[in-house]
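# Reading the structure
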Protein chains: 4
Amino acid sequence: MIIVLKPQTRRTDETAVLKEIRRLGYKPHVMRGVSRTVIGAIGDEASQPSLESLRAWPQVESVTPVQKRFKLVSREAHPANSTIRVGKDVVIGGPEVVVMAGPCSVEGEKQLMTTAEAVAKAGAKVLRGGAFKPRTSPYEFQGLGEKGLKLLAKARKATGLAVITELLSEDHVELVAEYADILQIGARNAQNFQLLIAAAKTGLPIMLKRGLSMKIEEWLLAGEYVLANGNRNVLFCERGIRTFETYTRNTLDLSAVPIVKKESHLPVVIDPSQGGGRADLVSAMCKGAVAMGADALLVEVHPNPKEAWSDGAQQLSLEGFARLMEEIRPLVQAVGRQ
Amino acid sequence: MIIVLKPQTRRTDETAVLKEIRRLGYKPHVMRGVSRTVIGAIGDEASQPSLESLRAWPQVESVTPVQKRFKLVSREAHPANSTIRVGKDVVIGGPEVVVMAGPCSVEGEKQLMTTAEAVAKAGAKVLRGGAFKPRTSPYEFQGLGEKGLKLLAKARKATGLAVITELLSEDHVELVAEYADILQIGARNAQNFQLLIAAAKTGLPIMLKRGLSMKIEEWLLAGEYVLANGNRNVLFCERGIRTFETYTRNTLDLSAVPIVKKESHLPVVIDPSQGGGRADLVSAMCKGAVAMGADALLVEVHPNPKEAWSDGAQQLSLEGFARLMEEIRPLVQAVGRQ
Amino acid sequence: MIIVLKPQTRRTDETAVLKEIRRLGYKPHVMRGVSRTVIGAIGDEASQPSLESLRAWPQVESVTPVQKRFKLVSREAHPANSTIRVGKDVVIGGPEVVVMAGPCSVEGEKQLMTTAEAVAKAGAKVLRGGAFKPRTSPYEFQGLGEKGLKLLAKARKATGLAVITELLSEDHVELVAEYADILQIGARNAQNFQLLIAAAKTGLPIMLKRGLSMKIEEWLLAGEYVLANGNRNVLFCERGIRTFETYTRNTLDLSAVPIVKKESHLPVVIDPSQGGGRADLVSAMCKGAVAMGADALLVEVHPNPKEAWSDGAQQLSLEGFARLMEEIRPLVQAVGRQ
Amino acid sequence: MIIVLKPQTRRTDETAVLKEIRRLGYKPHVMRGVSRTVIGAIGDEASQPSLESLRAWPQVESVTPVQKRFKLVSREAHPANSTIRVGKDVVIGGPEVVVMAGPCSVEGEKQLMTTAEAVAKAGAKVLRGGAFKPRTSPYEFQGLGEKGLKLLAKARKATGLAVITELLSEDHVELVAEYADILQIGARNAQNFQLLIAAAKTGLPIMLKRGLSMKIEEWLLAGEYVLANGNRNVLFCERGIRTFETYTRNTLDLSAVPIVKKESHLPVVIDPSQGGGRADLVSAMCKGAVAMGADALLVEVHPNPKEAWSDGAQQLSLEGFARLMEEIRPLVQAVGRQ
């Protein structure tokens, strides 16, 4: 930690800070500058108590940590890329760019089976579909629940696709884990740490969406909750952050791809459907994501977006999805992936 | 709903839209403007399916709801101010500006009892203190849990203060409800709807903090989840939103006070400690909050902020809190409250 | 400056950094921590070249300045409050809370004279009115130009009010300075440094609005451009920042009041009309501003807001303004001002 | 325009609104819904006065424009892509992805000539370099001024590269126009409309950077100022917006590429150097930009970034730039461009 004292701090006030630094197990190192005194506190920030409480001291101007706060998700801890095995034979984080596709919500058997077959045929490897839906208003469709999970399992059996679906509640962990190959933690629950811990304990891969106003460091620390609870299978999914722009529902932060790849060994997924909230932008966003190094894409597809029960405006049609798969192929090749 | 068609939409494409509007139970009303056709869809948006899926139609430029999405929290539904009774004799939302104060985290008996006695003496009516703490990093202090709850109950008994404490997990609802007079839902869980529903069912007053990037409409709709589950005792607590500014940890949005008072009948609480993350700004923010019509304040107080286990930089000392109570008194009087 | 090296930096790479620090005139001071080496560079950051270019070095993890970048606007440079004399006998920054009021745009003689007389009668000391208007679209009303300035001068003569009006262009500096008592630099030009320098040279008081996405440090540095060009008469005006919230046009950041008062000796003005974009929030925002220590208020008033040529939705009527002056009086007294 | 009245509006208040709509030249069209009355005002919003002043009326809940506010920059006005000719033989907006490269600031002859030759050799077509620099602090290097312009002209002569440089002041328009092939308007001046108008009148291509907190509509309207003043040669340059994320200096909004290409016929440029503020992210961002359809890239290159006088951390070395050109080649081909 670096502690900067305010200008004209008296020597006794400085001594008190040095004493506190030592009390918390650090070795202080004083540098007298032109207008301020700076103290380096030498010690392991990751295992010792934080010195941030010094911010409350009137003679202290700032306290800055030196070490990164995340450990297990960090590339410092694990320099090589991690790969996550999903279901029987899908691997995320390896040479293949994996596409996960399916409807926003599971609405019924026909809708789901039609979509599953079409996306499998077009090259998707994982089927997405919400059975429990977090909705801004209590009056909106909240998902089919267990019935939806059963339909997902049926679609998996028929097509061989692995299944990803959202987990909303600690009380559903066992139920959802029974049917899913990947547990999705949504943006609204990205810092619901109790849910993260419960999900971690299933041992299943966890796809952690970035919260709407989560800094990358906070997102990595939320992932750290999963690894610290014994589950190394985390996928980080960027799905748009909240900004002042209103043209799109959210602003897809594609720079998160190279940044997370640099800071962490874990794979990065891009969700262009939530990211923009507009089907007409999905293709361009997928191309950008692939070019920038994303390991997987998560795309909303519906046999009839016009009649979808949720988020119709951002779902591709079956033909639209098949076209998308053609459009991204040259880019996947251009970056040397499959 | 208002549906705007793109320029040069063909008549058959317009007819398809009109048919869909009727299918979903609305009566369409066509207006031909200079460059675009606008369709008003007459019907009850609150009880009928949404027309937002029309956004996915290529001939549609925009879809705009006319009615507000929240109902039970709305002033349209309940024109008079609601008052919330807390514990035996505290009323929030009436003539009195209620002050809730106490440490960020419950750390031990001496810390809590000393604080409780001091804040009660200075005029606080509710004791705050976290027993379950949501922390950005898994390596930070996570709260004393049930032991913390028991200390809060003890402090209540000793001082007569009511108790507010945070609920983090559906699995803790019964436990926390046993000890608390108000359940706090934190900013990170503001759209954890399962937690909101579970909390609602206790019947206890719920203080719902605004999420870091929650629009006011979304916050009111999260409150709507509580009312729609049979609990009318909701307090809306503004505690700072996330912006680009880095001087403060968050940007306290004091305009939320008059806005929520205008849109809703429910009381508004301001948390200046989380809002700024700096003890030296708490007094000014409390004054602003009172002047703008806040019904209650939530202030972090610690007998020794320099040694607090969490968020030391934003907690007031016992003397600081007593001084604060003196400083806001003239403003409380100036706005005609107690 | 504090320079943190990456983990496992080789000694030769460290030596190169130390050499560069010395070359730029600083004395390096090395601290070896648990996982990283930290270098304190001792020297006057304000007069010597910045070390920030070290961020480009591959072995460097971060570079953090220790000193503040602003000097003349800083309270370190001038501990007492500065007062700004406006026109003959208005003083901003002293015990009086000064109210500046008038129409968004000067539209004509009758509109301006009626408003000027009404706001003077209600207690305003400065007349605002735009003669040159920056408009988002080239097709919107751009102001009456010099004709508007002449009307402002006429209203000043009739009422004794001082005049504040916006300066948009370096080419208008002489013209506007001839008629105005305070030059307003608008939010869109807050970092138009050439305009700031030109305005500074008139010697007139400059009211510098905060840019829509300006950090407080950047705003103070823009003010520094004025002082560094020989003009100490700067007023900082907060008028709302851009956030994700859409209920109001901007989010008025009232915490800017105590922060700027703490960091700088110069007065702070609050503009609640631009801040919220809604007349119905102006009163609450003015109360909050006064309670938090604002030195002046800038309020848009129009004899007939419904027919205003710009920003009708945020302008008060003459009666509304008179009422506002009554409403804020108890708060002005409660904070011990006039 | 669509005007929504508040619930329970009295008939006389409705009649007043209808009268005002007619007075301003529109034809009102009333629709009575379940809880609110909606009025469509038929008329040309682009040529008639706005109805937005109705927002000030107490009986009005909202006013929503139907037409887009920009005209000449719009694809509705000009369905085909526009191409912009720069210097003798560079065309932006056609099949070629044009690369503009060079130092942040012109620092001296050797620095500039070395860079110009290297970037020309690697395939750049336009040389960038700042002679007038807008700097956050008045104490930072402000550029070489005319001396810098002369060096740019010399480099153009030696290498055949066209020249882009920033225009900061209306007073420099003639001077800068004498040396530049493209005038850059920086982010801080993106709504300095007087500067835009002055620049437009030179007839030179204008590259308009997006302001830090500019909505896409506002950016297009700023471009509209140039076209409305008789200059059709506008390039829109995305360079990062301001968000809460602190890992990068700004958040590069790559979705601006498909959005601006959709709404406008004018070319889009991406500036990854300013966008992230970090040289190590430039390559990934360029790849994303090309994949998503950008027409040109603007890259900061310096012979020795470690010793740059401004923004060293984001400038590529000469070798780094040559490598970048190799890395993006496969992506340029994958999207069918040159």
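Residues numbered from 1 in each chain as written. Chains lettered and ligands numbered in written order. Predicted model: local features only at pLDDT ≥ 70, side-chain atom pairs only at ≥ 80, totals over all residues.

## Quick word on the environment of Cys104 of chain B
Residue and element names in this part refer to chain B. Heads up, the condition is: A run of H or I in DSSP becomes a helix once it reaches four residues, and a run of E becomes a strand once it reaches two; helices and strands are each numbered from the N terminus. A residue pair is marked as a contact if its C-beta atoms, positioned from the backbone, fall within 7 Å.
Along the chain, Cys104 turns up in the loop between strand E7 (98-102) and helix H2 (109-122). Distance in space between the C-alpha atoms of Cys104 and Gly276 is 14 Å, their sequence separation being 172 residues. In contact with Cys104, not counting residues within four places along its chain, are Gly130, Glu300, Ala308, Ser310, Asp311 and Gln315.

## A short note on the sheet that holds strand E10 (residues 182-185) of chain A
All names here are of chain A. For clarity, the threshold we go by: Here, strands pair whenever DSSP counts at least two bridges between them. Axis definition: a line fitted to C-alpha atoms, limited for helices to the stretch in contact. Angles are taken between N-to-C directions and run from 0 to 180 degrees.
Reading around the circumference, E7-E8-E9-E10-E11-E12-E13-E14 is the order of the eight strands in this closed barrel, with parallel pairing throughout. When the angles between neighbouring strand axes are averaged without regard to direction, this sheet yields 25°. Looking at chain direction, E10 and strand E11 (residues 206-209) are connected through three bridges and run parallel. Paired with Gln184 across the bridge in E11 is Met207. On the sheet, helix H2 (residues 109-122) packs against strand E7 (98-102) and strand E8 (126-128) and is oriented at approximately 160° with respect to E7. The strands that helix H7 (residues 256-263) touches are strand E12 (234-238) and strand E13 (268-270); relative to E13, the one it contacts most, it runs at about 165°.

## Comments concerning the relation of the copies chain B and chain A
The criterion, for reference: Copies overlap after least-squares fitting; the atoms used are the C-alpha atoms of residues with pLDDT of at least 70 in both.
Aligned on chain A, chain B shows an RMSD of 0.0 Å; the corresponding rotation is 180° and the shift along the axis is 0.0 Å. What the superposition gives is, in effect, a two-fold axis relating one chain to the other. Considering only C-alpha atoms, the residue of chain B closest to the rotation axis is Ser213 of chain B, which sits at 2.9 Å. The residues that chain B uses at the interface reappear at the interface of chain A in 100% of cases, marking a shared surface.

## A few points about helix H2 (residues 109-122) of chain D
Residue and element names in this part refer to chain D. Worth spelling out the cut-off: Under the convention used throughout, the expected extent of a helix is 1.5 Å for every residue step, that is, one less than its residue count. We call a residue exposed when 12 or fewer other C-beta atoms sit within 10 Å of its C-beta, buried when the count reaches 20 or more, and partly exposed for counts in between; the C-beta positions come from the backbone.
Spanning 14 residues, H2 covers 20 Å between terminal C-alpha atoms, matching the ideal 20 Å at 1.5 Å per step. Turning to H2, its buried residues number three or more, namely Gln111, Leu112, Thr115, Ala116, Ala118 and Val119. Taken together, the buried residues of H2 touch strand E7 (98-102), strand E8 (126-128), helix H3 (146-159) and helix H10 (318-334). A positive phi of about 120° marks Gly123, the residue just after H2.

## Comments concerning the domain arrangement of chain A
Worth spelling out the cut-off: Domain start and stop points were drawn from an automatic or database domain assignment.
Taken domain by domain, chain A comprises domain 1 (2-64) and domain 2 (84-334). Put simply, the middle of domain 1 of chain A and the middle of domain 2 of chain A, counted by C-alpha atoms, are 44 Å apart.

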